[in-house]
Amino acid sequence: MPLPKLASVSPPGRLGRPDQAAALRIGRSLVEPVLSLLAVVLILAWTSQSLLRDNYLLLGVVYSFIGAGIYLSYVLAGELSLAYNAYFAIGAYASALVDTRLHWNQLAGLPIGIVVSAAMAIVLHLLTRRLSELYLAAVTLLFAQAFVTFLANATSLTGGAVGISGLPPLTLFGQELSLHQLMIYSCVLLWILLLALGRLRGALLGQLLRLQREVPQAAEAVGIPTSVTKMIAVGGGAAIASIAGCVYTYANQFVLAGSFSVQIVIIVLFVPLLGGALTPWGVPLGAGIVVWLTIGLSIGSGTGQLIFAVGILVVLLLAPRGIFGTLRALATQGSSAAARRLRARRSAR
Amino acid sequence: MLILVTVSTVQAGSVYALVGLAYYLVVQVSGTMNFATGGYTVFAALTMAYLAQVKSLPVALSIALGVLAAVVLAALSELLVVKPIETRPGGDRTVIIALVALLFALSQFAGWIYGQQPLSLASVLGGHDYQVGGTTIPLSAIIAVVVALASFALASLFVHRTPVGRMVQAVGEGAFVAATIGVPVGRMRVLAFAVSGLVTGLAGAVVALGSGASFDSGLSYSLYGFVVLVLGGLGSAWGALVGAYVISLLQALVGFYLDAQYESYLLFGFAALLLTLRPQGIFTTRTRAT
């Protein structure tokens, strides 16, 4: 008796035919990039009508890049490094200094900022690698404060409190970019980065990062080099945050030490937590909420920041999975309840 | 010059010591490094100064209400933030973030209620300074030292010599075992947070009577308190007192001989060196991750 063909004994899938199941998988994998790209296009269309909106978007993009760095380092890997204002500043000053000192295109500051920030984050991580994360948090916060002092006082390098001003607009392919054009490029870069982080979360490295975050002893016992994975996360997070600094310099054409206060870290630290760990798309959502509350909501000095701070505590207490995670849990509960009702109706018939 | 440095050292050091003691009390019972400690201190200081200066309440009553505010805030932090989060899976990590969020919320709340300008009670002590060898020693510095030493002595007596203090210690050494022998773990934790709040309230009084406080200075006090605790170690509360005066002496010397900017480098360098070379602090125990 001849053996049956492999295809005929393989499970047919939910739709009954393997090609339909594969098509469904491909369709599902396209939902995230297509919907997010649509959101990017709509936001850019909305901001194209006013310079003020472009400035809101600039702040949102800057917070999103820093938040994406924190997402990789803290949300995925559990490493609570809090020197993100320093990494943000390194990108900003690198972009300004390559122009004023070396007379290069400001874009050259991007790779320099990425490398220097990552190296600095790794050194800080190595200093506290044997200690609990609580100490990493505190030491990096102390570093963040010392770095701000350095920026304001190292006049010969950073320009001191008055910073570096009079930078020319960024040129790309021989063309000077307007703020809106810069926002288009920045949003596309952020979109690619968040897609990559989403893929990373499900990939082997992302799973290793999450494993060493949840059960570090077990991860080490099965041979995962946790010191290396932590370094990748901390260095990668700092590198991503430095991109925010570059965008900030390109847009403003100046750098001021006062823009990199420790308060930035405190605010942006919560950006990825608002959206939740489930997906990096929570980062721009959180950044948008922060911009709206701290600048867009004009209900009195500091009130927006107070609402934001209380909102964070409420999210941490009542919706620890973040907004997306909670919505998904509610949707799952809703569909389960609907399925139960359907089964009950069928059995009643 | 020596007297100037000494006065500066004891005044600042007393505040750092009290904030460090507040950290210590909470760490001992819950293992939590309460980053909101500086927030309670500033909130208490601003409450006192606002009630006395703006609302014209008697100074003693204003100080009492400020201390009470810190006690209530600290106890509520345990009940509403730390305990609910810590009991969740992975809560240890989230609680750090939550306490940073609480510090931020307290700062913003203080700025919203009391305004964004610094407030001080220094004027109530005007004319009561002492002259020693041609140098003025402010009464606020003397009050600061007395309050700090008395707080450490009373906290030490409370923890080591009273039955309730021993129950608090038992919870710190093992909540599960303490619960099995009948210690009311939840209440002891709230009590430790409340006592820590009382200490931050006293720190707030010292701040208000000295240079005053602004709504956003809580982070700075939290960081100084942390470094003081790291320097002193977790073995004894008195370690925090020594650590505080060492830090403030170095700070005063750096400020006097070099430049104020070096103070923040000193703080970071000190913490990084200590945690790298001697993570157990001056006096004690384990700070390494398990």
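Rules behind the numbers
- Residues numbered from 1 in each chain as written.
- Chains lettered and ligands numbered in written order.
- Predicted model: local features only at pLDDT ≥ 70, side-chain atom pairs only at ≥ 80, totals over all residues.
- Heavy atoms only, no water.
- Helix = DSSP H or I, 4+ residues; strand = E, 2+ residues; numbered from the N terminus.
- Buried < 20%, exposed > 50% of the residue type's maximum accessible area, 1.4 Å probe, protein only.
- Contact = heavy atoms within 4.5 Å.
- Areas by Shrake-Rupley, 256 points an atom, 1.4 Å probe, with all protein chains shown as cover.
- Lys, Arg positive; Asp, Glu negative; His and termini not counted.
- Charge placed at Lys NZ, Arg CZ, Asp CG, Glu CD.
- Rg over C-alpha atoms; globule rule 2.2 N^0.38 Å.
- Core = buried A, V, L, I, M, F, W, Y, C linked by side-chain atoms within 4.5 Å.
- 1 Å grid on protein atoms, 1.4 Å probe; cavity = no way out; pocket = protein on both sides within 12 Å on 5 of 7 lines; lining within 4 Å.
- Points joined across faces, edges and corners; volume = space filled by probe spheres on them.
- pLDDT = per-residue confidence, 0-100.
- Patch = residues over 30% accessible without salt bridge, like charges linked within 9 Å, V, L, I, M, F, W, Y side chains within 5 Å.
- Salt bridge = Lys/Arg side-chain N within 4 Å of Asp/Glu carboxyl O.

Colleague: In this structure, what is going on with the overall build of chain A? I would like to understand it.
Modeller: Within chain A, the regular secondary structure consists of 16 helices and two strands. On the principal axes, the C-alpha backbone points of chain A span a range of 85 × 55 × 50 Å. Here chain A, with 349 residues, has 48% of them falling under the buried criterion. Within chain A, counting contacts between residues at least 6 apart in sequence, those at least 24 apart form 76% of the total. On chain A, roughly 16500 Å² of surface is accessible, and the fraction owed to carbon and sulfur atoms is 68%. Side-chain charges of chain A comprise 22 positive and 9 negative groups, with the mean position of each set lying 19 Å from the other.

Colleague: Please clarify how the overall build of chain B should be interpreted in this entry.
Modeller: When helices and strands are counted, chain B shows eleven helices and two strands. In sequence order, the secondary structure elements of chain B are arranged as α-α-α-α-β-β-α-α-α-α-α-α-α. On C-alpha atoms alone, chain B measures out to a radius of gyration of 19 Å, which is about the 19 Å that the 2.2 N^0.38 rule sets for 290 residues. Considering only C-alpha atoms, chain B reaches an extent of 60 × 45 × 35 Å along its principal axes. Counting the 290 residues in chain B, one finds 57% classified as buried. Counting contacts in chain B only where the partners sit at least 6 residues apart, residues at least 24 apart contribute 76% of the total. On chain B, the mean spot of the 11 positive side-chain charges and the mean spot of the 8 negative ones are 14 Å from each other.

Colleague: Teacher, can you tell me more about the nonpolar core here?
Modeller: Counting 193 residues, the largest nonpolar core has I66 and F270 of chain A together with F226 of chain B as the members making the most contacts within it. Excluding anything up to four places from it in sequence, F270 of chain A contacts F308 and I312 of chain A together with I97, V100, A101 and F104 of chain B. Counting eight residues, the second largest nonpolar core, distinct from the first, contains V29, V171, A178 and V183 of chain B.

Colleague: Would you mind showing me how to read unusual backbone geometry here?
Modeller: Excluding glycine, residues mostly have negative phi values, and the peptide bonds linking residues are mostly trans. Positioned with a positive phi, Q253 of chain A is a non-glycine residue whose angle comes to about 65°. By the element assignment, Q253 of chain A lies in the loop between helix 11 (226-252) and helix 12 (262-268). Of note, S56 of chain B is a non-glycine position whose phi angle comes to about 55°, a positive value. Topologically, S56 of chain B is positioned in the loop between helix 2 (37-54) and helix 3 (59-86).

Colleague: Which parts of the structure should I look at to understand the layout of surface pockets?
Modeller: One simple way to see leftover space: roll a probe sized like a water molecule over the atoms. All names here are of chain A. Volume-wise, the second largest pocket comes out at about 950 Å³. Along its surface, the second largest pocket is lined by 33 residues, and A39, I43, W281, P284 and L285 are the ones closest to its centre. Residue assignment for the lining of the second largest pocket shows that the elements contributing at least two residues are helix 2 (18-47), helix 3 (51-76), helix 8 (179-202), helix 14 (282-296) and helix 16 (322-348). By residue number, the principal contributor to the lining of the second largest pocket is helix 2, which donates eight residues.

Colleague: Just to check I follow, could you spell out the confidence of the model for chain A for this structure?
Modeller: Low pLDDT marks regions whose predicted coordinates should not be analysed in detail. Residue and element names in this part refer to chain A. With 92% of its residues at a pLDDT of 70 or more, chain A shows a mean pLDDT of 84. Averaged over each element, pLDDT in chain A is lowest for helix 1 (residues 6-9) (45) and highest for helix 4 (residues 84-100) (94). Scored below 50 in pLDDT, residues 3-10 shows one contact in the model against residues more than four places distant or in partner chains.

Colleague: Hey, could you run me through the environment of S236 of chain B in this one?
Modeller: All names here are of chain B. Structurally, the position occupied by S236 is in the loop between helix 9 (218-232) and helix 10 (237-257). Residue S236 is classed as partly exposed on the basis of its relative accessible area of 23%. Sequence separation between S236 and A17 is 219 residues, and the spatial gap between their C-alpha atoms is 13 Å.

Colleague: Even after reading the chapter, I still don't get a nonpolar patch on the surface, so can you show me in this structure?
Modeller: There is a patch of nonpolar side chains on the surface, built from L61, L65, L68, V72, L76, L79 and L80 of chain B and spanning about 580 Å² of accessible area. Position of L79 of chain B among the secondary structure elements: in helix 3.

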